[in-house]
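So you can see what is in the structure, the chains are spelled out below.
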Amino acid sequence: NAGVTQTPKFQVLKTGQSMTLQCAQDMNHNSMYWYRQDPGMGLRLIYYSASEGTTDKGEVPNGYNVSRLNKREFSLRLESAAPSQTSVYFCASRMGIGGAREQFFGPGTRLTVL
Amino acid sequence: TQLLEQSPQFLSIQEGENLTVYCNSSSVFSSLQWYRQEPGEGPVLLVTVVTGGEVKKLKRLTFQFGDARKDSSLHITAAQPGDTGLYLCAGGYNQGGKLIFGQGTELSVKP
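Notes on the structure in this doc start here. The structure displayed is predicted, hence computed values, not measured ones.

**Brief notes about the overall build of chain B**
Logical step 1: When helices and strands are counted, chain B shows 0 helices and 11 strands.
Logical step 2: Helices and strands in chain B line up, N terminus first, as β-β-β-β-β-β-β-β-β-β-β.
Logical step 3: The C-alpha extent of chain B, read off along each of the three principal axes, is 40 × 30 × 20 Å.
Logical step 4: Long-range pairs, those at least 24 residues apart, make up 54% of the contacts in chain B between residues at least 6 apart in sequence.
Logical step 5: For chain B, the computed accessible surface area is about 5,100 Å², with 50% contributed by carbon and sulfur atoms.
Logical step 6: Here chain B contributes 9 positively and 10 negatively charged side chains, and the mean placements of these two sets differ by 6 Å.

In C-alpha cells form, the structure reads like this:
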C-alpha cells in the first residue's frame, strides 16, 4: 500500500511554461484534493473532487485546472506558470463524501517558477 | 482573510514545559481536525473532534472543541523534542469533505 503518491517531487519552471502535477491513491478513496502550502498561510484548497466524475473549485483556483482521470488519479495543471505559483503542492484523499473523516496526504511537490 | 486563525505562529520552548495552541474562527464547523507535519512530508492526522465541548486525549496531548464549534485548542504537557513540528488545525464542512486550514504553529522543543 503506497497510500498517496505524487510526481514529480521537485520542479523548476520558467514563467509561462505549463506542467501537470500527478497524484494517485491506492486506498479506494472517493474524494481527492489539491492544496498549496505557503509560509505562514497553512494549506489552501485549490480544487477538489468529491467523487469520480466531479470537480469543484476551492479557495484559490485561479491559474489552475484539474482532471479526475479515474477513481485513483487526480491531476493538477498549470497552463501558464507565474512566480506567484511558487509553492509546495499537496494532494490528499479520503474515504466517503460526508462526515468527518481523515484526509491522507502525499509527500508534496516543491515547485519553483522563475 | 484567514477564516481560521491559529496562534501562536511560532513557539520555541524547553523540554518539559507545557504549551497551548489556539485555533479560532467566526464560523461554525461540523468538525475540527488537528494535523502534524514534519519537514518534507505531508500532514498526518492527530485527532478529530465533532461535538461542541468535546475533549480528547492522546498521551500528553489534549484537544478541545469549543462549545459553539467555532474554536479549538491543543495542549501539550511536558513537551519533548520529538514533539517538534508544524501543527495545523483544520475546520471541516460536510459538503465534499472540505477542510479549511489555519496558518499553522511551528513548534520547536529544545532538549
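**Re the state of the cysteines**
Logical step 1: Scanning the model with the defined rule gives 2 disulfides over all chains in all.
Logical step 2: The residue that forms a disulfide with Cys-23 of chain A is Cys-91 of chain A, at a sulfur-sulfur distance of 1.9 Å. As the torsion about the S-S bond is roughly -70°, the Cys-23 of chain A-Cys-91 of chain A disulfide counts as left-handed. Of this pair, Cys-23 of chain A sits in strand β3 (residues 19-25) while Cys-91 of chain A sits in strand β9 (residues 87-94), and the two are 68 residues apart along the sequence.
Logical step 3: In this model Cys-23 of chain B forms its disulfide with Cys-89 of chain B; the gap between the sulfur atoms is 1.9 Å. The sign of the S-S torsion, about 75°, decides the handedness of the disulfide formed by Cys-23 of chain B and Cys-89 of chain B: right-handed. In this pair, Cys-23 of chain B sits in strand β3 (residues 19-25) while Cys-89 of chain B sits in strand β9 (residues 85-92), placing the two residues 66 residues apart along the sequence.

**Regarding the environment of Leu-111 of chain A**
Residues and elements named next belong to chain A.
Logical step 1: Within the fold, Leu-111 resides in strand β11 (residues 109-113).
Logical step 2: Residue Leu-111 is classed as buried on the basis of its relative accessible area, which comes to 1%.
Logical step 3: On a C-alpha basis, the gap between Leu-111 and Met-27 in space is 26 Å, while along the polypeptide they are 84 residues apart.
Logical step 4: Residues within four places of Leu-111 in sequence aside, it is in contact with Gln-11, Leu-13, Met-19, Leu-78, Gln-85, Thr-86, Ser-87 and Tyr-89.

**Remarks on the pattern of salt bridges**
All names here are of chain A.
Logical step 1: Under the definition given, this model contains 6 salt bridges over all chains.
Logical step 2: Between Glu-79 and Arg-77 there is a salt bridge, with its nearest N and O atoms 3.1 Å apart.
Logical step 3: The class of Glu-79 is partly exposed, set by a relative accessible area of 44%.
Logical step 4: With a relative accessible area of 29%, Arg-77 lands in the partly exposed category.
Logical step 5: Taken together, the shared-partner salt bridges connect Arg-36, Asp-38 and Arg-44 into one network.

**Description of the sheet that holds strand β8 (residues 74-78) of chain A**
Think of a sheet as strands paired side by side through backbone hydrogen bonds, with each pair either parallel or antiparallel.
Residues and elements named next belong to chain A.
Logical step 1: With antiparallel pairing, 4 strands are arranged side by side in an open sheet as β1-β3-β8-β7. Strands with a single pairing partner mark the edges of an open sheet, and in this sheet they are β1 (4-7) and β7 (64-68). Sheet twist, expressed as the average angle between the axes of neighbouring strands with direction ignored, equals 20°.
Logical step 2: The pairing of β7 with β8 spans 5 bridges and is antiparallel. Within β8, the residue paired with Asn-65 across the bridge is Arg-77.

Procedures and definitions
Residues numbered from 1 in each chain as written. Chains lettered and ligands numbered in written order. Predicted model: local features only at pLDDT ≥ 70, side-chain atom pairs only at ≥ 80, totals over all residues. Heavy atoms only, no water. Helix = DSSP H or I, 4+ residues; strand = E, 2+ residues; numbered from the N terminus. Contact = heavy atoms within 4.5 Å. Areas by Shrake-Rupley, 256 points an atom, 1.4 Å probe, with all protein chains shown as cover. Lys, Arg positive; Asp, Glu negative; His and termini not counted. Charge placed at Lys NZ, Arg CZ, Asp CG, Glu CD. Disulfide = S-S within 2.5 Å. Buried < 20%, exposed > 50% of the residue type's maximum accessible area, 1.4 Å probe, protein only. Salt bridge = Lys/Arg side-chain N within 4 Å of Asp/Glu carboxyl O. Pairing = 2+ DSSP bridges. Axes fitted to C-alpha atoms, helices over the stretch in contact; angles between N-to-C directions.

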